[in-house]
Amino acid sequence: GYFSAGCGLTIYRGNAWQTIKIDDVAGDPEWAKRFSGYLRLRARNSIIAPLVAHGEMLGLLGVINKLDADTFSTADLEVVAALASHAALAIQNAQLYEQQRRNSERQKLLEQISLHLQQTLDLEVLIPRIFEEVNKAIDAEGQSIWLLNTETGVITCRFATGPGAGRIKQVTVPLGQGIVGRS
C-alpha cells in the first residue's frame, strides 16, 4: 500500500523506499485524496520516486504524464528512479556543503570574538565589537545585553544596537516578568 511522505505518494516495502508508477491517476483514490485540493492539471498517469541519499529520505520526485500521452513504461520508471537517486545525492551534497559553510562562518565568528577578548576586557569597547561581529554573521537588525542587579532584582538593558536602541537602554524589567524577566 501507499505510505505518505510529505504531500506525495510512494511505497515503503521491507526496509526501502520504492519508486511507483500509477497507470490510472483518475481511478486512484490515494491520488485524488492527496492532490485534488492543490494540483489542478488533468493527468493520466504518474511516476513517484523517493529522493533517498545514504538511507535518508529527503523528499519525492513526481513525474506526471498528461492525458494525451501514452502510459509510462518500465524503462521510464527506471530512468526516473535513477534520476531521483542522482538528484537526492546532489541535494544532500548541497545541504552538507551549506551546513559546512555555516559551521565555518560560526568558527570564524568565534575566532574573531576570541581576538577581541584578547585585546580588551573593557565592556564599553568589547561589547560593540562583538555586536558588530554578530551582525556580520547573522545580519541582525538589533541586539541587546541585559544585566541583572541581584540586590534589586531588576534587569536593565546595558547595551543595545538597532532601531530604538536609545529607548531600550532605558528599560528595566523586574525579574520574572515579561520575556526578558522570565529568561
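Refer to the structure above for everything that follows.
Here goes a summary of the coordinates provided. (Residues numbered from 1 in each chain as written. Predicted model: local features only at pLDDT ≥ 70, side-chain atom pairs only at ≥ 80, totals over all residues. Heavy atoms only, no water.)

### Quick word on the pattern of salt bridges
Two side chains carrying opposite charge are able to pair once their charged atoms lie near each other.
And step 1. Inspection of the entire model under this criterion finds five salt bridges.
And step 2. Residue Arg 102 is joined to Glu 98 by a salt bridge in which the shortest nitrogen-to-oxygen separation is 3.6 Å. Of the two residues, Arg 102 and Glu 98 are both situated in helix H2 (residues 74–119); the distance of four residues between them amounts to about one turn of the helix.
And step 3. For Arg 102, a relative accessible area of 35% translates into the label partly exposed.
And step 4. Salt bridges sharing partners connect three or more residues here, namely Glu 98, Arg 101, Arg 102 and Glu 105. (Salt bridge = Lys/Arg side-chain N within 4 Å of Asp/Glu carboxyl O. Helix = DSSP H or I, 4+ residues; strand = E, 2+ residues; numbered from the N terminus. Buried < 20%, exposed > 50% of the residue type's maximum accessible area, 1.4 Å probe, protein only.)

### Some details on helix H3 (residues 123–138)
And step 1. In a regular helix each residue adds 1.5 Å, so 16 residues correspond to 22 Å; H3 covers 22 Å between its end C-alpha atoms and thus fits that length.
And step 2. Buried within H3 we find Leu 126, Ile 127, Ile 130, Phe 131 and Glu 133. All buried residues of H3 fall inside an arc of 165 degrees around its axis, so they share one side.
And step 3. Buried residues along H3 sit in contact with H2, strand S7 (143–149) and strand S8 (154–161). (Expected span 1.5 Å × (residues − 1). Arc of directions from axis to C-beta. Contact = heavy atoms within 4.5 Å.)

### Remarks on the side chain of Ser 46
And step 1. Assignment of secondary structure puts Ser 46 in strand S5 (residues 43–53).
And step 2. Within the local environment of Ser 46, its side chain forms a polar contact with the backbone oxygen of Val 63, the two atoms lying 2.9 Å apart.
And step 3. Discounting residues that sit within four places of it in the chain, Ser 46 has contacts with Ile 20, Lys 21, Ile 22, Val 25, Trp 31, Val 63, Ile 64 and Phe 72. (Polar contact = N/O pair within 3.5 Å; in protein donor to acceptor, adjacent residues only side chain to side chain.)

### Focus on the side chain of Gln 143
And step 1. The topology assignment puts Gln 143 in strand S7.
And step 2. The exposure class of Gln 143 is buried, given its relative accessible area of 12%.
And step 3. In this structure the side chain of Gln 143 is engaged in a polar contact, spanning 3.0 Å, whose partner is the side chain of Asn 135.
And step 4. In contact with Gln 143, not counting residues within four places along its chain, are Phe 131, Val 134, Asn 135, Phe 159, Ala 160 and Thr 161.

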